[in-house]
Amino acid sequence: MKVLVINCGSSSLKYQLMNPESGEVFAVGLCDRIGIHGSKLEYEVPATDFEITLENDMPTHKEALEMVIGALVNEEYGVIKSVEEVDAIGHRVVHGGEAFADSVLLTDEVIKAVEENNELAPLHNPANLMGVETCMKLMPGKPNVGVFDTAFHQTMPAKAFMYPVPYADYKELKVRKYGFHGTSHKFVSNAAQEIMGNPENSKVIVCHLGNGASVSAVKDGKCVDTSMGLTPLQGLMMGTRCGDIDPAAVLYIKNKRELTDKEMDARMNKQSGILGIFEKSSDCRDLEMAAADGDERAELAIDMMTYRIRSYIAQYAAAMGGVDMICFTGGIGENSSLVRSKALEGLEYMGVELDTEVNSVRKKGSVKLSKDSSKVAVYKIQTNEELVIARDTYSIVKGN
Ligand code: AMP
């Protein structure tokens, strides 16, 4: 079985051809700057360490996907003889709204239902669906499956997902907490369950810390709360997103600075978070280097970011009546020992004992970071969203 995993953005297309059962990746890469001058394809074959970058005009996603298929079947460095070897295509779709609590085979009818959520994710969903449409055109007859970022969080109870605004805003405008990064939270919480020996009852907190960041509370394998909301702006302080602030501050800043809605939106999504406080970069590595050199703003940004992660961990432990395992994942969660240790500072009262020595050594894969005496296990787990997409695609296609 070979599944092509596609993650289509407005000007990019990430892809992986993989075996959903073994997790083997045959080829991986991305098309960048689609529709913009200087578009290029990156293509890699992990088994042979072969890498190539091809510059070519890609006015639309169609040309991009044609290039991907061309590389996959290339006589010299391709990994399949013909596109017929691709059994199914799995697509990342950002917003499934309330209609999709699970991955789904994409038919014309289903695509129409997905389109109804486009308003909730105007930058992402149309691009994701463009990827689906292009695959259907270029690989007719192949099954396409949609895997939603929001689906894993659909098990949240109403007390967690409702906002205390007029009820009509929920009924008429679908305003509620949806949550994102669902495929990552699903992968990592499943891995945590496996590490624990798949007990019937479990309480896991997953901290997905990357450029975008979110925390989720997973009880008995089901998400009961998560930090992102109607949009991926709510929750933790992120690379360029502000996360939780007083909603009245938005109106205050907007009025005082005489900003348009679009400008205010950009201020919260692109100019806030680490970048907003540190001002020199949104990248956690730059931030840590500056803090080590005594940059006070960098220190402040790290303190703010980790204070908020810690607050969410404590909140979710309270929500679940305890916690068995705290997992860190994402670019920062998997690599930054500083962020992990500062986020857990002061949680000793909950039974969290970090092994600071193990935490400070960089190792690949899943690593236990807590002491054996710790009541709460702490792990770093490498996320693999593509594998979740490939596996969901495989199980849906097999079932059909
Ligand atoms: P992601 O969005 O998951 O790709 O994560 C990107 C973030 O991970 C950026 O802020 C990077 O600076 C951060 N990151 C990657 N490697 C490291 C590292 N070794 N130490 C600290 N942060 C890192």
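Residues numbered from 1 in each chain as written. Predicted model: local features only at pLDDT ≥ 70, side-chain atom pairs only at ≥ 80, totals over all residues. Heavy atoms only, no water.

K.L.:
I would appreciate a short explanation of the packing of helix 11 (residues 296-320) against helix 13 (residues 337-344) in the present structure.
P.N.:
Packed helices, taken two at a time, are described by the angle between their axes plus the distance between the axes. At a closest axis distance of 8 Å, the pairing of helix 11 and helix 13 adopts a crossing angle of 55°. With respect to each other, helix 11 and helix 13 are oriented oblique. Crossing angle aside, the handedness with which helix 11 passes helix 13 is right-handed. Facing helix 11, whose interface residues are Ile302, Asp303, Met305, Thr306, Ile309, Arg310 and Ile313, helix 13 presents Leu338, Val339, Lys342, Ala343 and Leu344. Looking at the contact of helix 11 with helix 13 residue by residue, the class counts come to eight nonpolar, one polar and three charged. (Axes fitted to C-alpha atoms, helices over the stretch in contact; angles between N-to-C directions. Helix = DSSP H or I, 4+ residues; strand = E, 2+ residues; numbered from the N terminus. Parallel < 35°, antiparallel > 145°, perpendicular 65-115°, else oblique. Left-handed = near helix turned anticlockwise from the far one by under 90°. Contact = heavy atoms within 4.5 Å. Nonpolar A, V, L, I, M, F, W, Y, C, P; charged D, E, K, R; others polar.)

K.L.:
Looking at this model, I keep getting lost on the nonpolar core. Mind explaining?
P.N.:
Generally speaking, nonpolar side chains in soluble globular proteins are found buried as a group. In terms of nonpolar packing, the biggest core is built from 44 residues, with Ile205, Cys207, Leu209, Ile309, Ile313, Ile326 and Leu344 touching the most fellow members. Looking at this core, the elements with two or more residues in it are strand 9 (203-209), strand 10 (213-219), helix 9 (273-278), helix 10 (284-292), helix 11, strand 12 (325-329) and helix 13. Among the elements that line this core, the one with the most residues is helix 11, at ten residues. Ignoring sequence-local partners within four residues, the contact set of Ile313 consists of Ile205, Cys207, Ile326, Ala343, Leu344, Leu347 and Met350. (Core = buried A, V, L, I, M, F, W, Y, C linked by side-chain atoms within 4.5 Å. Buried < 20%, exposed > 50% of the residue type's maximum accessible area, 1.4 Å probe, protein only.)

K.L.:
For this particular structure, what's the right way to read the sheet that holds strand 12?
P.N.:
Strand pairs in the sheet, formed through backbone hydrogen bonds, run parallel or antiparallel to each other. Judged by pairing direction, the sheet is mixed, and its six strands sit side by side in the order 11-10-9-12-14-13 without closing on themselves. The sheet is open, and its two borders are formed by strand 11 (222-226) and strand 13 (367-368), each paired with just one other strand. One ladder, built from seven bridges, connects strand 9 with strand 10; its direction is antiparallel. For Val206, the partnering residue across the bridge sits in strand 10 and is Ser216. (Pairing = 2+ DSSP bridges.)

K.L.:
Quick question: what am I supposed to make of the site of the ligand here?
P.N.:
Residues in close proximity to the ligand include Gly210, Asn211, Asp283, Cys284, Arg285, Glu288, Gly330, Gly331, Ile332, Asn335, Ser336 and Arg362, which together make up its full environment. Here Asp283 contributes a side-chain N or O atom positioned 2.5 Å from an oxygen atom of the ligand. Gly331 is positioned such that a nitrogen or oxygen atom in its backbone is 2.9 Å from an oxygen atom of the ligand. In the complex, 75% of the free accessible area of the ligand, which totals 510 Å², lies under the protein chains. (Near = heavy atom within 4 Å. Polar contact = N/O pair within 3.5 Å; in protein donor to acceptor, adjacent residues only side chain to side chain. Areas by Shrake-Rupley, 256 points an atom, 1.4 Å probe, with all protein chains shown as cover.)

K.L.:
Any chance you could explain the sheet that holds strand 7 (residues 104-105) here in plain terms?
P.N.:
Across the sheet, which stays open at both edges, the eight strands sit in the order 5-4-3-2-1-6-8-7 with mixed pairing between neighbours. The sheet terminates laterally at strand 5 (50-55) and strand 7, the two strands that pair on one side only. Here five bridges tie strand 6 (residues 88-93) to strand 8 (residues 144-148), and the two strands are oriented parallel to one another. From the neighbouring strand, Arg92 faces strand 8, where its bridge partner is Val147. Along the sheet, helix 15 (residues 385-399) makes contact with strand 1 (3-8), strand 2 (13-18), strand 6, strand 7 and strand 8, crossing strand 6 at roughly 130°.

K.L.:
Help me out: how do you make sense of the state of the cysteines in this one?
P.N.:
Linking two cysteines covalently through their sulfur atoms gives a disulfide. For the structure shown, the criterion picks out zero disulfides. Unpaired in terms of disulfides, Cys242 finds its nearest cysteine sulfur in Cys284, a separation of 18 Å. The exposure class of Cys242 is buried, given its relative accessible area of 11%. (Disulfide = S-S within 2.5 Å.)

K.L.:
What exactly am I supposed to notice about the pattern of salt bridges here?
P.N.:
A side chain of one charge can pair with a side chain of the opposite charge when the charged atoms of the two come close. This model, assessed by the stated rule, comprises 16 salt bridges. Of the charged contacts in the structure, one is a salt bridge between Lys177 and Asp225, with a shortest N-O distance of 3.1 Å. Of this pair, Lys177 sits in the loop between helix 5 (167-173) and helix 6 (182-195) while Asp225 sits in strand 11, and the two are 48 residues apart along the sequence. Summarising the burial analysis for this pair, Lys177 and Asp225 share the class buried. A salt bridge links Lys186 to Asp392, with the nearest nitrogen and oxygen atoms 3.3 Å apart. With Lys186 in helix 6 and Asp392 in helix 15, the pair connects residues that are 206 residues apart, well separated along the chain. For Lys186, a relative accessible area of 22% puts it in the partly exposed group. Linked through salt bridges whose partners overlap, the residues forming this network are Asp32, Lys40 and Glu42. (Salt bridge = Lys/Arg side-chain N within 4 Å of Asp/Glu carboxyl O.)

K.L.:
What is the right way to look at the UniProt feature "binding site: Mg(2+)" (unreviewed entry) in the chain in this model?
P.N.:
Following the UniProt record, the feature "binding site: Mg(2+)" (unreviewed entry) maps to Asn7 and Glu385 here. Their sequence span is 379 residues, while the largest C-alpha to C-alpha distance among them is just 10.3 Å; these annotated residues converge on one region. Lining residues of the second largest pocket drawn from the annotated set just named are Glu385. Here Asn7 is to be found in strand 1. You can see Glu385 is positioned in helix 15. With near-sequence residues (within four places) excluded, Glu385 lies in contact with Thr183, Ser184 and His208. (UniProt positions renumbered as here; feature names shortened; annotations may be inferred. 1 Å grid on protein atoms, 1.4 Å probe; cavity = no way out; pocket = protein on both sides within 12 Å on 5 of 7 lines; lining within 4 Å.)

K.L.:
Looking at this structure, I do not really get the environment of Arg308. What am I missing?
P.N.:
As for its placement among the helices and strands, Arg308 is situated in helix 11. Not counting residues up to four positions away in its chain, the partners in contact with Arg308 are Leu236, Met237, Cys242 and Asp244.

K.L.:
Help me understand empty space enclosed by the protein, please; the structure alone is not making it clear to me.
P.N.:
To locate leftover empty space, one rolls a probe as large as a water molecule over the atoms. Summed over the entire model, instances satisfying the criterion amount to one cavity of 30 Å³ or more. Every residue along the wall of the largest cavity is listed here: Leu209, Gly210, Ala213, Leu236, Met237, Met238, Met305, Ile309, Ile332 and Val339. Looking at the lining of the largest cavity, its residues break down into nine nonpolar, one polar and no charged. (Points joined across faces, edges and corners; volume = space filled by probe spheres on them.)

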